[in-house]
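# Close look at the chain arrangement
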Protein chains: 2
Amino acid sequence: MILNMFEIKSLLRKGIRDLEPYVPGLSEEALQRAGHRSEITKLASNENPTSPPDPVIDAICQEARRINRYPAGMDETLAPELAAFLGCGTHELIFGNGAEEIILMACLTFVNEGDPCVIIEHTFDAYETAVRVAGGKPVFSPLTPSFHVDLDDILARITPETKMVFLPNPNNPTGTVFTKKAFESFLARLPEHVVVLLDEAYHEYVDAPAYPDGMGYIHDAPLIVLRTFSKAYGLAGVRIGYAIARPDIIDMLHHVRLPFNVNRLAQAAAMAALRQRAWVQEHVQKMLGEKQFLYHALKELNLFYISSQTNFILIDTGKNADQVFQALLHHGVIVRPGTIWGLDTFIRLTVGPRRENERFLNALKAIIS
Amino acid sequence: MILNMFEIKSLLRKGIRDLEPYVPGLSEEALQRAGHRSEITKLASNENPTSPPDPVIDAICQEARRINRYPAGMDETLAPELAAFLGCGTHELIFGNGAEEIILMACLTFVNEGDPCVIIEHTFDAYETAVRVAGGKPVFSPLTPSFHVDLDDILARITPETKMVFLPNPNNPTGTVFTKKAFESFLARLPEHVVVLLDEAYHEYVDAPAYPDGMGYIHDAPLIVLRTFSKAYGLAGVRIGYAIARPDIIDMLHHVRLPFNVNRLAQAAAMAALRQRAWVQEHVQKMLGEKQFLYHALKELNLFYISSQTNFILIDTGKNADQVFQALLHHGVIVRPGTIWGLDTFIRLTVGPRRENERFLNALKAIIS
């Protein structure tokens, strides 16, 4: 019995056929393998550019001797430590193999086949993918002309059938936030059958005083607040994110969680990283300073950019973004072309250390002049 | 707007409400936290009892400096190395956060709401959970009176609506295998609309000469062969498993794969572990010897056990398994009670080093006498 390609495709689950696998930002390794020989600057994936501090490395090396054993449950190790740090209850927390896994878990927990879910246009594509994998139907809400999430538009798109709403705050790739006042007004008008996933992956970088801390609202709505160790905490490579929600919601997410979804070394690294608060703060402060440096340089180049509450900047190059992306690659600089999000003249630049930001600016100047 | 527990439950996706979260085997850490003070022997999760060899630890410690970066894609690193080792193509491989994630990925790729899927009774519960999460309907095939997978019974339960069949070979918790001849006869009679997941998590321990190597059949059927680094390779804690299938099937599994599902340290550990073939072989040989030692002792105790092709043994204690499990815990020995699989007088014992096997036997003797 030999099946051809067409027949295999005919076995696919509904909704899966049209999904495209995610294409991540180019890695330094990939560019090196592609034959690029000079120095490579990766400003593409909103990572912390620094290796984690020694206590984190040491915690990993120590735990490495125990990796023949399945990961221990987190309820009595990482969860109490994080709960104390956040000021929430242990049973208000759940962990994922990256925050992205929790997005999928939430959809698999709540979204039935055909359920509409509101997602903003120009955002992290994991929301749409997870909704489609669960069989749901994405409904898109456009950004405002100033590239902000339009909470009123989202509310207007909610129907009695709507199951979930995805609110990134700050949003990726625009870097914009909505205010405490706007969020509270949104929650007050939100029908109670809608589960809200509030993605705060970048919250450590926010300095807008009107920014709402999602944790403060978990008892006011079916709200899942998403956080990660991948960005400011510098642990993108070990994969650990978490969600904060009411214990009854957390309990339901556990129904679809894979038993050993967070690996031993990620648990050890996160425990150690939580104690490196000063290191995280220092990184955030440095990036905020570098962001001002980049803003200044972009203004001098007469380039429009969106003022950002994160460690990345969306920049309008005025040219075809794919071509700018390729030209930057020739200079050894990796960014993300806005074409991924339907923003055809924009590039998304991760804020890096001064030397890398300068390399980017020099390359960009050479390209646009 | 305050929702009560009932209202939250009413938002749940179909099929999720009745799922129970997986309860993993007790960890040494959990037993220590519970106040157990003497030595603890964990023979519960079919792990390799030995810390990985130094080159694996070194690879992890070295890679730890890069964990601020997202994991690189595996197509040009681990995949070619594993493909060369296995003698298959790079595009015939996909990796998961443990093999268990691939079970879920397969169901999310192929199983529509209501699709029947055939699962054997008394097996690894991840198959049923994944089918239910995808919205499918498990159909159970009983084992033969000798506790073997009944391939004829499975075929008899396949209807035109059946989407997937789960074949563990060896099966967990029975440790039994089906033969090459039986499998080939099964494939010859299998309707071509059924996707087969052949789980070979324990294949390194098999010494039955009639055992079929699933890899040899991936071009004969929509067959997904599942393997793991969690058992013989001693990497349960870092979470990495893989599947071998036709490139068109692999391609479809990528549609639902989370972009960074396998962490950097797991990739580095697996690359290093692949080069530790002698260490793996030595472990397997030692466990086969210890299994004979345990068989002999169990015969002396007049206890029935199922002859196993794995690193675990299913033993009929003749008593209530939960009580035996608790009594063994008092002696500091962790096993798995058969009640998990509806086998109410059985316990599943992981074969350990001699000293741990002796501790188990001494505790068991004290309990059953």
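Residues numbered from 1 in each chain as written. Chains lettered and ligands numbered in written order. Predicted model: local features only at pLDDT ≥ 70, side-chain atom pairs only at ≥ 80, totals over all residues. Heavy atoms only, no water.

### So, the packing of aromatic side chains
Residues and elements named next belong to chain A. Counted according to the given criterion, the structure contains 26 aromatic pairs over all chains. Geometrically, the ring pair formed by Phe-229 and Tyr-242 is tilted, given 5.7 Å between the ring centres and 55° between the ring planes. Residue Phe-229 is found in the loop between β7 (223-228) and β8 (241-244), and its partner Tyr-242 is found in strand β8; the two are separated by 13 residues along the sequence. Exposure remark for Phe-229: the relative accessible area of 1% places this residue in the buried category. Residue class for Tyr-242 comes out buried when judged on its relative accessible area of 4%. Three or more aromatic residues joined by ring pairs form one cluster here, namely Phe-95, Phe-229, Tyr-233 and Tyr-242. (Phe/Tyr/Trp six-rings, centres within 6.5 Å; stacked < 30°, edge-to-face > 60°. Helix = DSSP H or I, 4+ residues; strand = E, 2+ residues; numbered from the N terminus. Buried < 20%, exposed > 50% of the residue type's maximum accessible area, 1.4 Å probe, protein only.)

### Quick look at the interface of chain A and chain B
By a widespread convention, an interface's size corresponds to the accessible area lost as its parts come together. On the side of chain B, 91 residues touch chain A, which itself brings 91 residues to the contact. Both faces considered, chain A and chain B share a buried interface measuring about 8400 Å² in area, 58% of it formed by carbon and sulfur atoms. Run the count over chain A and chain B and you get four salt bridges. As a salt-bridge pair, B:Asp54 and A:Arg65 come within 3.4 Å of each other at their nearest N and O atoms. (Contact = heavy atoms within 4.5 Å. Buried area = accessible area lost by both parts, 1.4 Å probe. Salt bridge = Lys/Arg side-chain N within 4 Å of Asp/Glu carboxyl O.)

### Considering the domain arrangement of chain A
Residue and element names in this part refer to chain A. Segmenting chain A into domains produces domain 1 (24-51 + 278-368) and domain 2 (54-275). When each unit is reduced to the centre of its C-alpha atoms, the spacing between domain 1 and domain 2 is 25 Å. Between domain 1 and domain 2, the residue contacts involve 23 residues of the former and 21 residues of the latter. Together, the buried faces of domain 1 and domain 2 total about 2000 Å²; carbon and sulfur atoms form 64% of this surface. Seen at the junction of domain 1 and domain 2, the total is zero salt bridges. One can count 11 residue pairs in polar contact (both at pLDDT 80 or more) joining domain 1 with domain 2. Listed by contribution, the elements that provide at least two residues to the side of domain 1 that touches domain 2 are α11 (277-300), β10 (312-316) and β13 (346-350). Counting residues per element, the side of domain 1 that touches domain 2 draws most heavily on α11, at six residues. The residue inventory of the side of domain 1 that touches domain 2, partitioned by class, reads 12 nonpolar, 10 polar and one charged. (Domains from an automatic or database assignment. Polar contact = N/O pair within 3.5 Å; in protein donor to acceptor, adjacent residues only side chain to side chain. Nonpolar A, V, L, I, M, F, W, Y, C, P; charged D, E, K, R; others polar.)

### A word on the pairing of strand β3 (residues 116-120) of chain A
Residues and elements named next belong to chain A. Along β3, five of the five residues are buried, which leaves the element largely enclosed by surrounding structure. Of the two faces of β3, the one holding Pro-116, Val-118 and Ile-120 and the one holding Cys-117 and Ile-119 are both buried throughout. With five bridges connecting them, β3 and strand β4 (residues 137-141) associate as parallel partners. Bridge pairing in β4 links Ile-119 to Phe-140. Each parallel crossover has a hand, and for β3 linked through helix α6 (residues 126-133) to β4 it is right-handed. As judged from the three bridges shared by β3 and strand β5 (residues 164-168), these two strands associate in the parallel manner. Opposite Val-118, over in β5, you have Val-165 as the bridge partner. (Pairing = 2+ DSSP bridges. Right-handed = clockwise from strand over helix to strand, strands pointing away.)

### Comments concerning helix α8 (residues 180-189) of chain B
All names here are of chain B. Along α8, the residues that are buried comprise Phe-183, Phe-186 and Leu-187. For α8, the arc enclosing every buried residue in end-on projection is 95°, short of the 170-degree limit, so these residues lie on one face. Exposed and facing more than 90 degrees away from the buried side of α8 are Lys-181 and Ala-188. If you follow the buried residues of α8, they end up packed against α7 (151-157), β5 (164-168), β6 (195-199) and β7 (223-228). (Arc of directions from axis to C-beta.)

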